[in-house]
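Structural overview for review
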Amino acid sequence: MKIIVIGATGMAGSAIVQEALHRGHEVTGIARSQKDLDELTKKNPGIHTRAADVFSLSAPELSGADAIVDAFATDPAHAYRHVDMATRLVAMFRETMTPRLVFILGAGSLQTGADHHLLVNDLRKLPQSETFIAVPENQYDELQFLRTVKNVNWVGVSPSQQFAPGPAKEALLGEDVLLHNAAGDSHTSAGTMAVAVLNEIEQPAHEDTRFTVADK
């Protein structure tokens with residue numbers, strides 16, 4: 001399969017690149033920094049890369065892929081770009097079934113607690129939340145937008161509360177509730193996320209919805 005990874009040099013993107021290449025797929029990684037792409041290529045021979053502002057890319061430049069993974073990340077000051085990227089990709093591929101759009105979402109939109117409140121409400125109460133809260137808030141808005149989309153082939157994937165680098169582990173899968181393992185930890189490694197994303201691309205099990213993955 002032909003897979004494009006937007007934000008290919010980030011934590012999630014680079015893990016997805018590695019897993020996709022390991023499975024024999026043709027992968028194109030897109031990121032702004034040529035230097036970072038060169039480093040990615042050293043670790044992942046065989047990848048195709050393109051240094052570009054993803055907001056400048058057109059539908060023809062992204063066409064021909066079987067799946068496009070949006071692993072785009074940005075700083076809190078520009079967190080609204082998560083929503084902008086989702087709306088841009090959806091607009092490009094309205095009324096098409098190919099490519100499949102895969103969005104790496106945050107954990108803030110997952111439900112937690114006995115009252116099933118959103119995790120983002122807890123995150124707002126953390127010390128110095130003003131320095132980071134715009135990211136989970138905008139990723140929640142991104143999911144809300146995607147849930148209105150009915151004529152594009154899309155899926156979203158949320159990690160658990162702690163999302164960090166690391167190899168793949170045995171996974172727990174869920175839908176809209178924050179997952180915890182038997183030890184009470186709510187953690188997803190980048191490797192676990194990558195395996196879940198590639199499993200979903202190869203054997204779709206979720207259509208026009210979001211699911212969540214955690215380390216078991």
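One structure accompanies this document, and this report is about it. Residue numbers here run from 1 along each chain, matching the order of that chain's written sequence. Only residues with pLDDT of at least 70 are given local features in this predicted model, and only at 80 or more are side-chain atom pairs given and counted; all residues enter the totals for whole chains, interfaces and linings. Side-chain figures throughout are based on the complete set of non-hydrogen atoms in the structure, without hydrogens or water.

1. So, helix α1 (residues 11-22)
For helices the rule is a DSSP run of H or I covering at least 4 residues; for strands it is a run of E covering at least 2, with both sets numbered from the N terminus onward. To estimate how far a helix should extend, the number of its residues minus one is multiplied by 1.5 Å. Its twelve residues place the ends of α1 17 Å apart at the C-alpha level, agreeing with the 16 Å of an ideal helix rising 1.5 Å per residue. Here α1 has its buried residues at Ala12, Gly13, Ala15, Ile16, Val17, Glu19 and Ala20. Trailing α1 by a residue or two, Gly24 shows a phi angle of about 90°, which is positive. For the exposure calls, accessible area comes from a 1.4 Å probe over protein chains only, and a residue counts as buried if that area is under 20% of its type's maximum, exposed if over 50%, partly exposed in between.

2. Structural notes on unusual backbone geometry
Cis geometry is adopted by the peptide bond preceding Pro99, which originates at Thr98 and carries an omega value of 5°. Checked against the element boundaries, Pro99 lands in strand β5 (residues 96-104). Of note in this structure, Glu95 is not a glycine but carries a positive phi near 60°. In this fold, Glu95 is placed in the loop between α4 (81-92) and β5.

3. Considerations on the nonpolar core
Judged by nonpolar contacts, the single largest core of 29 residues is most densely connected at Val5, Ile16, Val69, Ile104 and Val197. Examining the composition of this core, we find that seven residues originate from one element, helix α7 (residues 190-202), more than from any other. Whether two residues are in contact is decided by their heavy atoms: any pair within 4.5 Å suffices. Each residue touching Ile16, except ones within four places of it in the same chain, is listed here: Val5, Val69, Ile104, Ala194, Val197 and Leu198. Residue types Ala, Val, Leu, Ile, Met, Phe, Trp, Tyr and Cys, when buried and joined through side-chain atoms within 4.5 Å, form a set referred to as a nonpolar core. Ile6, Met85, Leu89 and Met92 belong to the second largest nonpolar core, which has 25 residues in total.

4. Focus: the pattern of salt bridges
Note on definitions: salt bridges are taken to be side-chain nitrogens of Lys or Arg within 4 Å of carboxyl oxygens of Asp or Glu. Under the defined criterion, the tally for this structure stands at ten salt bridges. For Arg50, the salt bridge identified is with Glu61, shortest N-O distance 2.6 Å. In this pair, Arg50 sits in strand β3 (residues 48-51) while Glu61 sits in helix α3 (residues 59-62), placing the two residues eleven residues apart along the sequence. Look at Glu61 and you get partly exposed, because its relative accessible area is 35%. Linking Glu170 and Lys216 is a salt bridge whose minimum nitrogen-to-oxygen distance equals 3.4 Å. Taken together, the residues Glu170 in the loop between β9 (162-164) and β10 (171-174) and Lys216 in the segment after β12 (209-215) connect sequence positions 46 residues apart. Taking the relative accessible area as the measure of exposure, Glu170 reaches 55% and is therefore exposed. On the basis of relative accessible area, Lys216 is assigned to the exposed category, the value being 55%. Each member of the salt-bridge network shares a partner with another, and the members are Glu19, Arg23 and Glu202.

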